[in-house]
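# Observations on the model geometry
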Amino acid sequence: MRMGKKIMDFLIGLILLVFATVFFLSAYGKLLGLGGAQRAIGPRLHEEWAFYGISALFAILVFYGLFLILRALFSKKRENSLSLEYPQGEVLLTEASMDRVAKYALDRCPQVLRSTADVRILRGDPPRIDAQAEVQLKPGSPLAETAEKIQQQLKGDLEHFVGLEVQEVTVKVIQEDQPQHHESSGEGGGS
């Protein structure tokens with residue numbers, strides 16, 4: 001959920017809570033100086049059906065206000081996405097879908113045992129993407145060559161399947177037989 005929508009939900013929920021509480025108490029008390037209105041509808045207000053009807057209405061307002069406040073406080077932030085328009089229609093690319101493409105590219109590398117990928121959308125004209133991967137290699141895999149091959153595979157698959165230029169690919173390699181890390185980073189434009 002976007003931050004502006006969260007703030008709007010919170011404010012509307014708060015207004016509904018205050019409105020429902022104050023007006024419910026005003027209907028059965030004299031909080032807002034509504035004495036004239038109370039006298040005009042007074043005989044009806046003190047009937048049982050009117051009390052339950054007004055109570056139900058204000059309870060619905062209170063619950064809806066609470067719902068809006070809780071939704072604003074506990075809903076996840078909306079995922080970063082990019083909308084591309086083509087003559088054939090519109091395509092919505094999310095970072096999660098690009099993460100799956102990156103994971104697919106990493107799974108196709110035979111030297112990789114386990115991997116994780118994180119792809120970020122970089123706004124601009126034209127928009128580009130930045131990819132980071134952490135891979136665990138099979139024992140005996142040559143570190144530098146494998147890292148470079150993974151970079152090329154990841155860059156090629158992302159550009160092919162997603163259709164955006166990859167600005168940078170960072171590969172963090174962890175070998176199973178060694179606890180050390182080796183990072184390889186490359187620019188997407190030249191290679």
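Quantities reported herein were computed from a predicted structural model and do not represent experimental measurements. By convention here, each chain's residues receive numbers from 1 onward along its written sequence. This being a predicted model, a pLDDT of at least 70 is required before a residue's local features are given, and a value of 80 or more before pairs of side-chain atoms are given or counted; all residues contribute to the totals for chains, interfaces and linings. The side-chain values count all of the structure's non-hydrogen atoms but skip hydrogen atoms and water molecules.

Turning our attention to the overall build of the chain. A run of DSSP states H or I qualifies as a helix once it reaches four residues; a run of E qualifies as a strand once it reaches two. Both are numbered from the N-terminal end. The helix and strand tally for the chain stands at five helices and six strands. When its helices and strands are written in sequence order, the chain yields α-α-α-β-β-α-β-β-α-β-β. A burial count over the chain gives 35% of its 191 residues as buried. Here, two residues are considered to be in contact whenever any of their heavy atoms come within 4.5 Å of each other. Contacts spanning at least 24 positions in sequence make up 55% of the contacts within the chain whose residues lie at least 6 apart. Using the Shrake-Rupley algorithm and a 1.4 Å probe, accessible areas are obtained, with residue cover drawn only from the displayed protein chains. Of the roughly 12100 Å² of accessible surface on the chain, a fraction of 61% belongs to carbon and sulfur atoms. Partly exposed describes any residue whose relative accessible area lies between the buried limit of under 20% and the exposed limit of over 50%, with all areas from a 1.4 Å probe on protein chains only and scaled to the type maximum.

Membership of the largest hydrophobic core comes to 27 residues, with the highest contact counts inside it found for V135, I150, L154 and L158. Breaking this core down by element, the ones donating at least two residues are β1 (81-86), α4 (95-107), β3 (112-122), β4 (128-137), α5 (143-162) and β5 (165-175). Within this scheme, the nonpolar core is defined by two criteria: the residues are buried Ala, Val, Leu, Ile, Met, Phe, Trp, Tyr or Cys, and they are joined through side-chain atoms within 4.5 Å.

Take T146: it is sitting in helix α5. If we ignore the near neighbours within four places in the chain, the residues touching T146 are Q111, L137 and S141.

Attention shifts here to the pairing of β1. Pairing between strands is defined by DSSP: at least two bridges between them are needed. The sheet contact formed by β1 and strand β2 (residues 89-94) spans six bridges and is antiparallel. From the neighbouring strand, E85 faces β2, where its bridge partner is E90. Taking the residues that link successive antiparallel strands as the turn, the β1-β2 hairpin has two residues.

Take the environment of G140 next. Turning to its location among the elements, G140 is positioned in the loop between β4 and α5. The class for G140 is exposed, based on a relative accessible area of 70%. Separated by 29 residues in the primary sequence, G140 and Q111 place their C-alpha atoms 9.1 Å from one another.

Glancing now at the packing of aromatic side chains. Centres within 6.5 Å are what make two rings of Phe, Tyr or Trp a pair, Trp counting through its six-membered ring; a difference in plane orientation under 30 degrees is then read as stacked, over 60 as edge-to-face, and the rest as tilted. Applying the stated rule across the entire model yields two aromatic pairs. Residues Y104 and F161 carry aromatic rings whose centres are separated by 5.9 Å and whose planes lie at 80 degrees to one another, so their mutual orientation is edge-to-face. On the criterion of sequence distance, the pair formed by Y104 in helix α4 and F161 in helix α5 is long-range, its members being 57 residues apart. Exposure remark for Y104: the relative accessible area of 42% places this residue in the partly exposed category.

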